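Residue strings, one per chain:
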Amino acid sequence: METAAFLEDAIQAARLAQGIHRYYQARGFAARSKTVISDLVTEADREAEAAIRDFLLGRHPDHAFLGEEEGASGEGRFRWIVDPLDGTVNFAHRFPFFAVSVALEKDGELLLGVVLDSVHDELFTAVRGGGAFLNGARIRVSETRDLRRALLATGFPYDVDRVPEAVEYFRRVLSIGVPVRRPGAAALDLAYVAAGRIDGFWEMKLNPWDVAAGVLLIQEAGGRVSDFFGAPYRLDNPYLVATNGHVHEALLDRLHDRHET
Ligand code: IPD
Ligand code: CA
Ligand code: CA
């Protein structure tokens, strides 16, 4: 019962952010650079995080909170992990692929996750042990078993010092002729793996707010999430590989330039 109520709170929080995303897309916004010139932040990022934080902590003052823009606050058994606008570069260029991601941890374990595509109004939800859903309908990962028949996605780091490493991983996967997309919003990329639209995804510079909800979505949709070496994924690891499970080992082999057995 408690979890169902938390899920409703997470959905309401995500809807607040969606309203803010849509308002600024219609009205216009200023974008400024954060870490490097291409890493952007807008009023929508900051206002959406403030709205989510005020709403969730207003309802649960004893919960901890981690948001991308304002960082961590509070302590407790429950911790909300929030990316108020995932895909800010897309948002800033009016490329219609961005989302809000809200997850809740209890005692360090993911309890629920919500990813809401602000443009297409697709609401992805998962509760531990309860399956994954898209707009209320059950979703599952794809059945693709041959990596060469897969559709994959990835992301590239903002930090140019990491570009050679990222390009090398990209080259290794591309070299077997598999199609790879770079949609630009990691939370949604993971939700797409959960929904069976993408068979696998990898990225090497992610933060907990990018992935917390998406990881649970994939696990609840029957997929697998690991680090680059196949170990179970932990939220503090920036290196993530997520697949339908069937192509996981083959994708790890490719990333490490190993020939499949
Ligand atoms: C970014 C997006 C992007 C990924 C970056 C993230 P932001 O999040 O998810 O797809 O490649 O690693 O930082 O900055 O738009 O919230
Ligand atoms: Ca993000
Ligand atoms: Ca963000």
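This is a predicted model, so every value here is computed, not measured.

Quick look at unusual backbone geometry
- Of note in the backbone geometry, N135 takes a positive phi value of approximately 45 degrees without being a glycine.
- Mapped onto the secondary structure, N135 falls in the loop between β9 (132-134) and β10 (137-139).
- The backbone of D257 sits at a positive phi, close to 60 degrees, despite the residue not being glycine.
- Checked against the element boundaries, D257 lands in the segment after α7 (248-255).
- You can call D257 partly exposed: its relative accessible area is 35%.

With respect to the domain arrangement of the protein chain
- Under the domain assignment, the protein chain is made up of domain 1 (2-138) and domain 2 (147-255).
- Here the C-alpha centroids of domain 1 and domain 2 sit 20 Å apart.
- Tallying the contact residues gives 40 residues for domain 1 and 25 residues for domain 2.
- Between domain 1 and domain 2 the total buried area reaches about 2,400 Å² when both faces are included, carbon and sulfur atoms providing 69% of it.
- Linking domain 1 with domain 2 are one salt bridge, by the criterion used here.
- The residue E122 makes a salt bridge to R197 at a minimum N-O spacing of 2.8 Å.
- Seen at the junction of domain 1 and domain 2, the total is seven residue pairs in polar contact (both at pLDDT 80 or more).

A closer look at the coordination of the calcium ion (ligand 3)
- The coordination sphere of the calcium ion (ligand 3), as far as protein atoms go, consists of E68 (OE), D83 (OD), D83 (OD) and L85 (O), spread over 2.2 to 3.1 Å.
- Sequence positions of the residues that donate to the calcium ion (ligand 3) give the spacing E-x14-D-x1-L.
- Between the calcium ion (ligand 3) and the calcium ion (ligand 2), a separation of 3.7 Å is found, and both are coordinated by D83.

Things to note about the packing of helix α1 (residues 2-27) against helix α2 (residues 43-59)
- Running from amino to carboxyl end, α1 crosses α2 at an angle of 155 degrees, the nearest separation of the two axes being 9 Å. The pairing of α1 with α2 is recorded here as roughly antiparallel in orientation. Helix-helix and strand crossings are classified by hand; for α1 and α2 the assignment is right-handed. Residues D9, Q12, A13, L16, A17, I20, H21 and Y24 of α1 form the contact with α2, whose own contacting residues are E43, A44, E47, A48, A51, I52, F55, L56 and R59.
- Residue classes in the contact of α1 with α2 are distributed as eleven nonpolar, two polar and four charged.

Rules used in this analysis
- Residues numbered from 1 in each chain as written.
- Chains lettered and ligands numbered in written order.
- Predicted model: local features only at pLDDT ≥ 70, side-chain atom pairs only at ≥ 80, totals over all residues.
- Heavy atoms only, no water.
- Helix = DSSP H or I, 4+ residues; strand = E, 2+ residues; numbered from the N terminus.
- Buried < 20%, exposed > 50% of the residue type's maximum accessible area, 1.4 Å probe, protein only.
- Domains from an automatic or database assignment.
- Contact = heavy atoms within 4.5 Å.
- Buried area = accessible area lost by both parts, 1.4 Å probe.
- Salt bridge = Lys/Arg side-chain N within 4 Å of Asp/Glu carboxyl O.
- Polar contact = N/O pair within 3.5 Å; in protein donor to acceptor, adjacent residues only side chain to side chain.
- Donors = N, O, S within 2.8 Å, 3.2 Å for Na, K, Ca; no water.
- Axes fitted to C-alpha atoms, helices over the stretch in contact; angles between N-to-C directions.
- Parallel < 35°, antiparallel > 145°, perpendicular 65-115°, else oblique.
- Left-handed = near helix turned anticlockwise from the far one by under 90°.
- Nonpolar A, V, L, I, M, F, W, Y, C, P; charged D, E, K, R; others polar.

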